[in-house]
Amino acid sequence: MTGGDAVSDPDHEPDGGVSRIGTDARRDHDEGVSTLAKQGGLAFAGNVVSGALGYAIVMLMTRFVSPSIYGLFVLATSIILFTQVAANLGFPLAIDYFVPRYLNEGEHGKAKGVIVKVMVTVFVTSSLVALALAASAGFVGEFFREPSMRIALLLLAVTIPMRGLYKCVLTSYYSVKRLQYRVVVHDILRPTVRFVVTAALLLSGFGLLGLIGGYVIALFVALAIGAFVFATRVRKIAAADLESVPFRRLATYSVPLAMTSVVFVLMGQVDYFVVGYYLDSGDVGIYRVGYMLGSSLLIIFGSLSPVFKPLIAESGEDRDLVERRFRVAARWIAGLTLPIAITLSLAAPEYLSVFYTPQYADASAVVALLSTAFLFNVTFGGPDGTLLQGMGYSRVVFGNTLVLFGANLGVSMALVPVLGIEGAAVGSATALVLVGLLTIAECYYLDGIHPFTRDFAKVVLSGIPATIAGVPVVLLVDSALVVVTVLPLVVVGTYALSLIATDAFTAEDARMVAQFSPAFEKWLPSRLSR
């Protein structure tokens, strides 16, 4: 049984898959590719469901409350997210770095020790931060000139320790490659509960309190059930005798990543702070919708990166294996992200008008700018930041995050007073491109690893004819609904034909695809001969 086979066997213990990957590391058929495909496929399915429910929640909120109330809620939750991630001190990231290593060595007690020590640390630090935020809620409200902010922060402060523990539970799923549990808890259960509770409260006329109530209740339910699922389904860790792990070892790895864990969170939250300070809460709400749509490009990256890091951590000594896995992941991220970026960039106004209301079409430039920047970041760098984490370069990633944060904050503060919400988008885009270039250079300098091969170039260049085919749809069709429906079909269809015409598929791609359906096994032998 391979590591990926644990997906279909709930009783399969996580260490079995890990050990086999280590033993078979040098085989031509890398089982890590199969694991990446199966677990990444599960995560992708979950992200699609979660994304659809997330968009439904935002559509619900933007129709029942004004942009100013929605913007106030976004600003308040941004402050919560910002403080919570800082309070974690990066410790949840230690789980999916150390646990796979201990499981690979058969030390289940130490794996359990890592999870327990991290959760206790996170609960203590985040609780202290929650108390401090609650005490300063009035000052924060005055700073943003929003009196209602005080009530919102007081009610939401309880979610800071809850979110910290919830992050630990999700990372524990990643560490044992049980992403099916993450899909159920994070991608289905939590957004479903949030949608139902929020809808009920908004229909009852609760307004801002309805938004807050749905957020808090859904998080509590997901945390309780998520912890129960891990304790009962991952039995070898749960039943193992607890062994202490040196706190200093965890801190040495985690603390430099305290800022890293908020890389993409900060990108949005800092923008909201700057927009909220210079403009008003209505602009925050409009920018939030544009940022949400533009960052949907991360769905592919977010599907593969959770399982990619443990795969790198357990095989970090084998550079050839690491490079092969990195290139497979980078090529798939690029290939599946490009059509999304092309579609959103060409028809941002139409998607904003149809999914939300016409007043949110003001975020069209935001969507186009962020789509381009995210495309560059994840296409040319692939999972490079995750690679650096898996290889143990936590200080390097910390430095990159400081660059990301500084560039975004500096450019946004300079441009928002002049350009409005478009200035914030330029700040985020500048930071994303800068750090993307930096991480590419670091991966090559530290380990000689890069994604740039002829097969990678075929994947990227196939986006050109797809873009050319999509332009007439946007220019010639007047109906926004028709554009939203037809454009993805044209772009994806043209892109797929370009990949086939350039023979862009490799043997690794064939193995990845074969994990999803036995029907592809007939296609596999011809690819393996390449």
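Just so you know, the residues in each chain are numbered from 1, in the order the chain's sequence is written. Local features in this predicted model are restricted to residues whose pLDDT is 70 or higher, and side-chain atom pairs enter the listing and the counts only when it is 80 or higher, whereas totals over whole chains, interfaces and linings include all residues. By convention in this description, side-chain values take in all heavy atoms of the structure and omit both hydrogens and water.

**A short note on the overall build of the protein**
- Here a strand is any run of E in DSSP of at least two residues, a helix any run of H or I of at least four, and the numbering for each starts at the N terminus. In terms of helices and strands, the protein carries 26 helices and zero strands.
- Each residue is placed in one exposure class: buried if its accessible area under a 1.4 Å probe, protein chains only, is under 20% of its type's maximum, exposed if it is over 50%, and partly exposed if it falls in between. For the protein, the residues scored as buried account for 57% of the 530 residues in total.
- Residue-level accessible areas treat just the shown protein chains as cover; the underlying method is Shrake-Rupley with a 1.4 Å probe. In the structure as shown, the protein presents an accessible area of about 20200 Å², 68% of it carried by carbon and sulfur atoms.

**Topic: helix 3 (residues 67-88)**
- Here the expected span of a helix is defined as 1.5 Å times the quantity of residues minus one. Given a rise of 1.5 Å per residue, 22 residues ought to cover 32 Å, and the 31 Å separating the end C-alpha atoms of helix 3 matches this to within 8%.
- Among the 22 residues that make up helix 3, 18 are buried, leaving the element largely enclosed by the rest of the structure.
- One or two steps after helix 3, the chain reaches Leu89, where phi turns positive at roughly 60°.

**Quick notes on the nonpolar core**
- Buried residues of nine kinds, namely Ala, Val, Leu, Ile, Met, Phe, Trp, Tyr and Cys, make up a nonpolar core once their side-chain atoms join them within 4.5 Å. Judged by nonpolar contacts, the single largest core of 90 residues is most densely connected at Tyr70, Ile79, Met149, Leu153, Tyr287 and Tyr356.
- Leaving out residues up to four positions away in the same chain, Leu153 has contacts with Ala76, Ile79, Ile80, Ala137 and Val140.
- Membership of the second largest hydrophobic core comes to 36 residues, among which are Ile95, Leu170, Tyr173 and Ala222. Between two residues, a contact is recorded if the distance between any of their heavy atoms is within 4.5 Å.

**Quick word on the packing of helix 17 (residues 348-355) against helix 24 (residues 480-501)**
- Angles shown run from 0 to 180 degrees and are taken between the N-to-C directions of axes, each axis being a line fitted to C-alpha atoms and, for helices, limited to the stretch in contact. Their axes nearest at 9 Å, the elements helix 17 and helix 24 cross at an angle of 115°. With respect to the hand of their crossing, helix 17 and helix 24 are arranged in left-handed fashion. Only Ala480, Leu481, Val483, Val484 and Pro488 of helix 24 make contact with helix 17, whose side of the interface consists of Glu350, Tyr351, Val354 and Phe355. Less than a right angle of anticlockwise turn of the near helix away from the far helix marks a crossing as left-handed, whereas a clockwise turn marks it as right-handed.

**So, the packing of aromatic side chains**
- Working definition: rings of Phe, Tyr and Trp (its six-membered ring) pair if their centres are within 6.5 Å, and the pair is stacked with planes under 30 degrees apart, edge-to-face with planes over 60 apart, and tilted otherwise. Counted by the stated rule, this structure contains 13 aromatic pairs.
- Centroid distance Phe144 to Phe273: 6.3 Å. Interplanar angle 45°. Geometry classified as tilted. Residue Phe144 is found in the loop between helix 6 (137-143) and helix 7 (149-156), and its partner Phe273 is found in helix 13 (residues 263-278); the two are separated by 129 residues along the sequence.
- Here the aromatic rings of Tyr272 and Tyr287 are separated by 5.9 Å at their centres, their planes lie at 80°, and the arrangement is edge-to-face. Taken as a pair, Tyr272 in helix 13 and Tyr287 in helix 14 (residues 281-294) lie far apart in primary sequence, 15 residues in all.
- Each member of the aromatic cluster is reached from another via a ring pair, and the members are Phe143, Phe144, Phe273, Tyr277 and Tyr278.
- Whether a charge sits over a ring comes down to the Lys NZ or Arg CZ being within 6 Å of the ring centre and within 35 degrees of the ring normal. Between Arg145 and the ring centre of Tyr277, over which it is positioned, the NZ or CZ distance is 5.8 Å.
- One Lys or Arg, Arg190, reaches over the ring of Tyr215 and ends 5.9 Å from the middle of that ring.

**Let's talk about helix 23 (residues 463-476)**
- Taking 1.5 Å per residue, 14 residues should reach 20 Å; helix 23 reaches 21 Å between its end C-alpha atoms and fits that length.
- Contacts from the buried residues of helix 23 go to helix 16 (319-346), helix 17, helix 22 (454-461) and helix 24.

**Regarding the pattern of salt bridges**
- Basic side-chain nitrogens of Lys or Arg form a salt bridge, by our definition, when they fall within 4 Å of a carboxyl oxygen of Asp or Glu. As enumerated under the stated definition, the model contains two salt bridges in all.
- Taking the shortest distance from any N to any O, the salt bridge between Lys110 and Glu107 comes out at 3.9 Å.
- Across the pair Arg182 and Asp187 runs a salt bridge, and its minimum N-O distance is 2.8 Å.
- Under the relative-accessibility criterion, Asp187 is labelled buried at 1%.

**Focus on the confidence of the model for the protein**
- What pLDDT reports is the predictor's confidence in each residue, on a scale of 0 through 100. Across the protein, the average pLDDT comes to 79, with 81% of residues at or above 70.
- Within the model, the stretch residues 1-29 combines pLDDT values under 50 with 58 contacts to residues more than four positions away or in other chains.

**Thoughts on unusual backbone geometry**
- A positive phi angle is found at Arg145, which is not glycine, with a value near 55°.
- With respect to the helices and strands, the residue Arg145 is situated in the loop between helix 6 and helix 7.
- The backbone of Asp503 shows a phi angle near 55°, a positive value even though the residue is not glycine.
- If you trace the backbone, Asp503 turns up in the loop between helix 24 and helix 25 (507-514).

**A few points about the environment of Leu208**
- Mapping Leu208 onto the fold places it in helix 10 (residues 208-233).
- Relative accessible area serves as the criterion here: at 17%, Leu208 is assigned to the buried category.
- In the structure, Leu208 is positioned 57 residues away from Ile151 in sequence and 10.0 Å away in space, judged by C-alpha atoms.

**Considering a nonpolar patch on the surface**
- Patch membership is restricted to residues that have no salt bridge and whose relative accessible area is over 30%. Joining uses 9 Å for like charges and 5 Å for the nonpolar side chains Val, Leu, Ile, Met, Phe, Trp and Tyr. On the surface, a nonpolar cluster with roughly 660 Å² of combined accessible area is contributed by Val116, Val120, Phe123, Val124, Leu128, Leu131 and Leu242.
- Mapped onto the fold, Val116 is located in helix 5 (residues 108-135).

**Overview of the packing of helix 14 against helix 21 (residues 421-447)**
- Viewed as axis vectors pointing N to C, helix 14 and helix 21 meet at an angle of 40°, and their least axial separation amounts to 10 Å. Judged by the angle between their axes, helix 14 and helix 21 are oblique. Relative to helix 21, the crossing made by helix 14 is right-handed. Contacts between helix 14 and helix 21 involve Asp283, Ile286, Tyr287 and Tyr291 from the first element and Ile421, Ala424, Ala425 and Ser428 from the second.
- Put simply, Ala, Val, Leu, Ile, Met, Phe, Trp, Tyr, Cys and Pro go in the nonpolar bin, Asp, Glu, Lys and Arg in the charged bin, and everything else, Gly too, in the polar bin. Grouping the constituent residues of the contact of helix 14 with helix 21 by class yields six nonpolar, one polar and one charged. Roughly parallel refers to an angle under 35 degrees, roughly antiparallel to one over 145, roughly perpendicular to one between 65 and 115, and oblique to any angle outside these ranges.

**Considerations on the environment of Ala501**
- On the secondary structure map, Ala501 appears in helix 24.
- Among the residues examined, Ala501 registers a relative accessible area of 67% and is labelled exposed.
- Separated by 43 residues in sequence, Ala501 and Lys458 have C-alpha atoms that sit 9.9 Å apart.

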